[in-house]
Amino acid sequence: MYPYLKADFVESIYLKNDELNEKYPEDTLIRIAHKAKFPDQETMEEFGVILEKNGYLGRELGDNTIEVSKKMFTEDVRIISDIYNVANQAACLKGEYLGYEVE
């Protein structure tokens, strides 16, 4: 399902699902932000355009690094699915997924 992600990454995120569900119960409005770094400016911009077309706001952080974020209501596995989707897209473009924050 996420061909560009390493199995250990998928497993480590999956193991956080219960913790995230407890911290952010169903129907909680959250903002999730992801950071990724790319080998060049052009690829970083392409990533930003793809994610913006999917409802994210992008913000360049310099050094070919970008933060994309969006607000959403939680439900079981929604946060980890979002992490997988963004990380997979970054890896597809030869970028490095640097992590996420939930507010």
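Let me begin by describing the structure that accompanies this report. Here the structure is a predicted model, which means the values were calculated and not measured.

Quick notes on the rules
- Here, residues in each chain are numbered from 1, in the same order as that chain's written sequence.
- Totals for whole chains, interfaces and linings use every residue, but because this is a predicted model, local features are given only for residues with pLDDT of at least 70 and side-chain atom pairs only at 80 or more, for both listing and counting.
- The side-chain values count all of the structure's non-hydrogen atoms but skip hydrogen atoms and water molecules.
- Helix axes use the C-alpha atoms of the stretch in contact, all axes being lines fitted to C-alpha atoms, and the angles between their N-to-C directions lie in the range 0 to 180 degrees.
- Think of it this way: any DSSP run of H or I at least four residues long counts as a helix, any run of E at least two long counts as a strand, and we number them from the N terminus.
- Throughout, a crossing is termed right-handed when the near helix is turned clockwise from the far one, and left-handed when it is turned anticlockwise from it by less than a right angle.
- Here a residue-residue contact requires only that any non-hydrogen atoms of the pair lie within 4.5 Å.
- Working rule for helices: expected span equals 1.5 Å times residues minus one.
- The cut-offs for exposure are 20% and 50% of the maximum accessible area for each residue type, with area from a 1.4 Å probe on protein chains only; residues under the lower value are buried, those over the upper are exposed, and the others partly exposed.
- Here the arc refers to the directions that run from the helix axis out to each C-beta atom.
- In protein, a polar contact requires one atom able to donate a hydrogen and another able to accept it; more generally it is a pair of N or O atoms within 3.5 Å, and residues adjacent in sequence count only if both atoms are side-chain atoms.
- DSSP-based pairing: two strands are paired if at least 2 bridges between them are found.

**Let's talk about the packing of helix α3 (residues 41–52) against helix α4 (residues 78–92)**
Next up, step 1: Relative to each other, α3 and α4 sit at 150°, their axes nearing to 10 Å. Crossing handedness for the pair α3 and α4: right-handed. Contacts from Phe-47, Ile-50 and Leu-51 of α3 reach α4 at Val-86, Gln-89 and Ala-90.

**Some words on α3**
Next up, step 1: Under the 1.5 Å per step criterion, the end-to-end length of α3 is 16 Å for 12 residues, consistent within 8% with the ideal 16 Å.
Next up, step 2: Of all the residues in α3, the buried ones are Thr-43, Met-44, Phe-47, Gly-48 and Leu-51. Each buried residue of α3 sits inside an arc of 145° when the element is viewed along its axis, so together they form one side.
Next up, step 3: The secondary structure elements touched by the buried residues of α3 are β1 (29–37), β2 (57–62), β3 (65–73) and α4.
Next up, step 4: Of the residues that open α3, the one with a side-chain oxygen 3.2 Å from the backbone nitrogen of Glu-42 is Asp-40.

**Here's the deal with the sheet that holds β2**
Next up, step 1: Strand order in the open sheet formed by four strands is β2-β3-β1-β4, with antiparallel pairing between adjacent strands. With partners counted over all chains shown, the strands left at the sheet margins are β2 and β4 (96–102), one partner each. Here the average twist between neighbouring strands, direction ignored, is 20°.
Next up, step 2: Bridging between β1 and β4 involves six bridges; their strand directions are antiparallel. Residue pairing for β4: Ala-33 is matched across the bridge by Glu-101.

Structural measurements only, silent on function.
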